[in-house]
Structure formats: structure tokens, C-alpha cells
Amino acid sequence: MNANRETSRRGSQVPTGRGTSAVGVSVRTALLAGLIAILINTALLHMADFIPLKVQGAGLFKGLKLVFGGFVVQTPLPALWTQLHLPAPESAEFKFWFHAVVGLVMAVVYAALLEPRSPDPAWVTGLLYALLAWLLNAFVLLPAIGEGVAGVRQSTPAGIAYYAMAHTVFFVLMAVLYARLRLRPRSAGQLTPSAGLS
């Protein structure tokens, strides 16, 4: 029974064919799963405005700005950014793309480091990943930027709970999608491999 569940979760380790590397397939699959999950996560966060709920967000962006902002403004990067007509760092467009890129990076980290080493079903691994990320955000990052534990100084208890829900949806959905997409037939009689990025 355990063997069947493991096979179902991870798929068959079958060669991908000439010219296609297992690493490339895994990265593309992780990016696709991450993209779908981050779009749903973003939609959930935007829905909070209509409830309405004050939801903490952009903690990583604020932290990076606090640490590196003074250094960046002394480089040619701001002038180049303006010349290329790229969105301002404080704009909603920039924050969306920053959020999306972070989500994609987290999906690749999941595929490279966590999924290949986890004996648990995908949803359990995703849930544990979500818990680890939330604890780091709530007890390290947000207090470090002055927003208190879990962002309590900038949000409400309901907003904190809603953010935790949307955050968890991203990680669990990404993990489940990654597992399902790796089982998708790529050609007659072939399945995508499940060796992670190793």
C-alpha cells in the first residue's frame, strides 16, 4: 500500500528522451505549478480588499528595501530603471511582479530541495513548507522591519488569519500541482521523471 502511494505521488522514473534533461523538465514543471499557484494566491489577497480586511503583505520587499535601499540608490541602477520606463518600486505593478518572482523561486526550491527528499504526500510536504515560510515571516522578518509578530502592528487578527490561509493555499496548491504535472504523459507510453532537480 505504501509503495503504491509513493508511486502515485512521485511517478515513474522514466527517461525523458533525447535532448530533454530531467533538470529542465523539473524546472519547467516547477515554474508552471508556481505560476498557477501564485496567481491564485494573488487573487485571494486582492479579494481581501473587498471583504474588507487589512492584510499584511510585501514583508520581504520591505525587508530588502530596508537592508539594500541605501546602497541601491548610490548605484546607476535607479537612473537605468527610469530610462527603461520600468515600473516604480512602490507601484502595484512592480509589487505584483516581485511577488510573482518570489513565488516562482519558492516553487523551484521546493522541486530542487524538498520534494525529492520528502517521503510524505505532496500536500503534506507543501503544508510543512508553508508552515516553515510562515514562521520565518511571522517571527523573524516582520518583527525585524517593525511590524510586530505576524504583522500585528499593520493588520488585524482576521487579516493575519486570512493572509495565513492565502499563504498556505499557495504552498499546498503548488506542491500538489507539481506532483500532478510530473505524472502527466509527455508522449505515448512516457511519464515525466520524478528525480527532482538532482
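Refer to the structure printed above.
Residues numbered from 1 in each chain as written. Predicted model: local features only at pLDDT ≥ 70, side-chain atom pairs only at ≥ 80, totals over all residues. Heavy atoms only, no water.

**Let's talk about the overall build of the protein chain**
For the protein chain, the helix and strand inventory stands at 7 helices and 2 strands. In the protein chain, buried positions account for 32% of the 198 residues. In the protein chain, once contacts between residues fewer than 6 apart in sequence are set aside, the share between residues at least 24 apart is 75%. Carbon and sulfur atoms make up 71% of the accessible area of the protein chain, which amounts to about 11,600 Å² in all. (Helix = DSSP H or I, 4+ residues; strand = E, 2+ residues; numbered from the N terminus. Buried < 20%, exposed > 50% of the residue type's maximum accessible area, 1.4 Å probe, protein only. Contact = heavy atoms within 4.5 Å. Areas by Shrake-Rupley, 256 points an atom, 1.4 Å probe, with all protein chains shown as cover.)

**Re helix α6 (residues 122-144)**
Taking 1.5 Å per residue as the helical rise, α6 with its 23 residues ought to reach 33 Å, and the 32 Å between its terminal C-alpha atoms agrees with that figure. At Asn137, α6 shows its largest bend, some 35°. Ala122, Val124, Thr125, Gly126, Tyr129, Ala130, Ala133, Asn137, Ala138 and Leu142 are the residues of α6 that are buried. Trailing α6 by a residue or two, Gly146 shows a phi angle of about 85°, which is positive. (Expected span 1.5 Å × (residues − 1). Bend = angle between axes of the 7 residues up to and from the residue.)

**Describing the packing of α6 against helix α7 (residues 157-182)**
Axis separation between α6 and α7 bottoms out at 8 Å; the angle between their running directions is 145°. When you trace α6 past α7, the crossing you get is right-handed. Across the interface between the two elements, Ala122, Trp123, Gly126, Leu127, Tyr129, Ala130, Ala133, Trp134 and Asn137 from α6 touch Tyr163, Ala164, His167, Thr168, Phe171, Val172, Met174, Ala175, Val176 and Ala179 from α7. In terms of residue class, the contact of α6 with α7 is built from 15 nonpolar, 4 polar and no charged. (Axes fitted to C-alpha atoms, helices over the stretch in contact; angles between N-to-C directions. Left-handed = near helix turned anticlockwise from the far one by under 90°. Nonpolar A, V, L, I, M, F, W, Y, C, P; charged D, E, K, R; others polar.)

**Overview of helix α5 (residues 92-114)**
With 23 residues, α5 should reach 33 Å at 1.5 Å per residue; the first-to-last C-alpha distance of 31 Å fits that figure. Looking at α5, one finds that the buried residues are Phe94, Ala100, Gly103, Ala107, Tyr110 and Ala111.

**Focus: the environment of Ser91**
With respect to the secondary-structure elements, Ser91 resides in the loop between α4 (77-83) and α5. At a separation of 2.6 Å, a polar atom in the side chain of Ser91 contacts the main-chain carbonyl oxygen of Ala88. (Polar contact = N/O pair within 3.5 Å; in protein donor to acceptor, adjacent residues only side chain to side chain.)

**Overview of the nonpolar core**
Formed by 20 residues in total, the largest nonpolar core has its most connected members in Tyr110, Phe170, Phe171, Met174 and Tyr178. Where this core is concerned, the elements lending two or more residues are α2 (22-47), α5, α6 and α7. Looking at this core element by element, the count peaks at 8 residues for α7. (Core = buried A, V, L, I, M, F, W, Y, C linked by side-chain atoms within 4.5 Å.)

**Quick look at the packing of aromatic side chains**
Each aromatic ring pair is characterised by the separation of its centres together with the angle its planes make. Evaluated as defined, the whole model comprises 6 aromatic pairs. The interplanar angle of 70° and the centroid separation of 5.2 Å between the aromatic rings of Phe96 and Trp97 together place this pair among those described as edge-to-face. Judged by its relative accessible area of 51%, Trp97 is exposed. Ring centres of Trp134 and Phe139 lie 6.1 Å apart, and the angle between their planes is 80°; this geometry places the pair in the edge-to-face category. Through a chain of ring-to-ring contacts, the aromatic side chains of Tyr110, Tyr129, Phe170, Phe171 and Tyr178 assemble into a single cluster. (Phe/Tyr/Trp six-rings, centres within 6.5 Å; stacked < 30°, edge-to-face > 60°.)

**Quick word on a nonpolar patch on the surface**
A grouping of Leu131, Leu132, Leu135, Leu136, Phe139, Val140 and Val149 is seen on the molecular surface, where their side chains present a nonpolar patch of about 640 Å² in accessible area. Along the chain, the position of Leu136 falls in helix α6. (Patch = residues over 30% accessible without salt bridge, like charges linked within 9 Å, V, L, I, M, F, W, Y side chains within 5 Å. Salt bridge = Lys/Arg side-chain N within 4 Å of Asp/Glu carboxyl O.)

**So, the packing of α5 against α6**
Relative to each other, α5 and α6 sit at 120°, their axes nearing to 12 Å. Relative to α6, the element α5 is oriented oblique. By crossing handedness, the relation of α5 to α6 is classed as right-handed. In this structure, α5 uses Met106, Val109, Tyr110 and Leu114 to contact α6, whose residues at the interface are Ala122, Thr125, Gly126 and Tyr129. Partitioned by chemical class, the residues of the contact of α5 with α6 number 6 nonpolar, 2 polar and no charged. (Parallel < 35°, antiparallel > 145°, perpendicular 65-115°, else oblique.)

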